[in-house]
Amino acid sequence: MHRIWPPHAAGPLEDGALERLYTYPAPPWLVVNFVASADGAVELGGRAAALSNAPDRRVLRLGSDLADVLLVGATTAVVEEFRGVHPDAETARRRARHGLAPIPPTAVVTTGRSLPADAPVVTEALVPSIVLTTAEAPEDKRRAWTEAGATVLVTGERAVDLRAGVAALAERGLGRIDCEGGPRLFGALLAAGVVDELRLTVSPLLVAGAAERIATGAGVEPARLELASVVAEADTLLVRYLVQRDA
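Residues numbered from 1 in each chain as written. Predicted model: local features only at pLDDT ≥ 70, side-chain atom pairs only at ≥ 80, totals over all residues. Heavy atoms only, no water.

Novice: Which residues make up the overall build of the protein, and what values do they have?
Specialist: Scanning the protein from terminus to terminus reveals eight helices and eleven strands. Taking the principal axes of its C-alpha atoms as reference, the protein extends roughly 55 × 40 × 35 Å. Burial statistics for the protein: of 247 residues in total, 47% are counted as buried. Considering only contacts in the protein between residues 6 or more positions apart, those separated by 24 or more positions represent 70%. When the 25 positive and 31 negative side-chain charges of the protein are each reduced to one mean point, those points stand 2 Å apart. (Helix = DSSP H or I, 4+ residues; strand = E, 2+ residues; numbered from the N terminus. Buried < 20%, exposed > 50% of the residue type's maximum accessible area, 1.4 Å probe, protein only. Contact = heavy atoms within 4.5 Å. Lys, Arg positive; Asp, Glu negative; His and termini not counted. Charge placed at Lys NZ, Arg CZ, Asp CG, Glu CD.)

Novice: Could you give an account of the UniProt feature "domain: Bacterial bifunctional deaminase-reductase C-terminal" (unreviewed entry) in the protein, naming the residues involved and the relevant values?
Specialist: The sites that carry the UniProt feature "domain: Bacterial bifunctional deaminase-reductase C-terminal" (unreviewed entry) are, in the present numbering, residues 28–232. With 29% helix and 22% strand, residues 28–232 has end C-alpha atoms that lie 28 Å from one another. (UniProt positions renumbered as here; feature names shortened; annotations may be inferred.)

Novice: Give a description of unusual backbone geometry that names residues and reports values.
Specialist: That bond from Pro27 to Pro28 is cis: its omega, 5°, falls within 30 degrees of zero. Here the bond from Gly181 into Gly182 is cis, since omega is 5°, no more than 30 degrees from zero. Within the secondary structure, Gly182 is located in the loop between strand E8 (176–179) and helix H8 (183–192). You will see that Ala234, though not glycine, has its phi angle at about 50°, which is positive. With respect to the element layout, Ala234 can be found in the loop between strand E10 (224–233) and strand E11 (236–244). Overall, Ala234 belongs to the exposed group, its relative accessible area being 59%. You will see that Asp235, though not glycine, has its phi angle at about 70°, which is positive. With respect to the helices and strands, Asp235 occurs in the loop between E10 and E11.

Novice: Could you give an account of the pattern of salt bridges, with specific residues and numbers?
Specialist: Scanning all chains against the criterion turns up 16 salt bridges. Note that Arg58 is salt-bridged to Asp15, the shortest N-O span being 2.4 Å. Here the residue Arg58 occupies a position in helix H2 (residues 54–65), and Asp15 occupies one in helix H1 (residues 15–21), the gap between them amounting to 43 residues. On the accessibility criterion, Asp15 (56% relative accessible area) is exposed. For the salt bridge of Glu80 with Arg47, the shortest nitrogen-to-oxygen distance reads 3.5 Å. Residue Glu80 is located in the loop between helix H3 (74–79) and helix H4 (89–97), and its partner Arg47 is located in the loop between strand E3 (29–37) and H2; the two are separated by 33 residues in the primary sequence. (Salt bridge = Lys/Arg side-chain N within 4 Å of Asp/Glu carboxyl O.)

Novice: I'd like a description of the sheet that holds E3, backed by residues and values.
Specialist: Spatially, eleven strands are ordered E2-E1-E10-E11-E9-E3-E8-E4-E5-E6-E7 in an open sheet, and the strand pairing comes out mixed. Every other strand in the sheet has two partners, leaving strand E2 (11–12) and strand E7 (151–154) as the edge strands with one partner each. Bridge analysis of E10 against E11 gives nine bridges, and the strand direction is antiparallel. Across the sheet, residue Leu225 finds its bridge partner in E11, namely Val243. (Pairing = 2+ DSSP bridges.)

Novice: Explain the packing of H2 against H4 residue by residue, including any values.
Specialist: H4 packs onto H2 with a crossing angle of 50° between their chain directions and a minimal axis gap of 10 Å. Between H2 and H4, the interaxial angle falls into the category oblique. Between H2 and H4 lies a crossing of right-handed hand. Of the residues in H4, those touching H2 at Arg61, Leu62, Ser64 and Asp65 are Glu90, Thr91, Arg94 and Arg95. Counted by class, the contact of H2 with H4 contains one nonpolar, two polar and five charged residues. (Axes fitted to C-alpha atoms, helices over the stretch in contact; angles between N-to-C directions. Parallel < 35°, antiparallel > 145°, perpendicular 65-115°, else oblique. Left-handed = near helix turned anticlockwise from the far one by under 90°. Nonpolar A, V, L, I, M, F, W, Y, C, P; charged D, E, K, R; others polar.)

So, in structure tokens, the structure goes:
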């Protein structure tokens with residue numbers, strides 16, 4: 001990989017330097033990850049994974065390896081068949097080196113309708129997943145999640161209160177949060193004012209069609225972004241932006 005921004009730091013990136021670049025600041029810190037085509041599509045054939053490539057997977061892995069918890073919307077978790085983190089030896093060494101728990105849990109955001117109790121993110125996770133849901137989620141659904149091994153946190157009445165949800169994770173020592181989609185969750189996190197950083201991979205593809213943007217939902221007051229770094233490899237751009245909340 002080759003760093004091209006900022007100019008004073010341009011040059012080849014060794015593994016250690018790349019890891020330092022993607023290490024989280026002191027918590028609490030919430031990062032949102034997305035891959036999008038050069039024309040802005042966030043899925044191909046219904047899945048974001050179809051846009052991904054080796055450079056994207058490398059930095060996405062760093063995001064989860066260095067996080068306390070992964071955050072994902074229920075629909076994305078189900079569509080992408082998310083199973084939580086199953087660390088290999090490299091991940092285990094990296095997490096130990098940074099003083100992190102061996103396996104980060106996954107927190108799934110749902111109002112109750114979109115997360116079946118037998119979803120892989122619940123049943124195949126190596127550590128209990130956390131379900132952030134609402135008071136209006138059916139009692140039998142909440143009971144089923146618990147019986148399947150998840151920890152259920154009610155953080156809202158009709159909609160998940162994401163500010164409260166993020167605070168609840170931080171209270172559990174899970175302050176380095178790695179959000180892996182989808183667009184509606186990103187839009188809601190922006191509306192809640194809890195996003196600190198956007199990590200965007202620009203995949204070298206043109207797909208046209210009617211795919212969504214990386215953030216959807218109710219409009220929010222535009223937030224200025226500060227360009228933190230740009231890395232390039234194999235026609236792919238890997239961009240980090242810091243969200244300026246006071247803009």
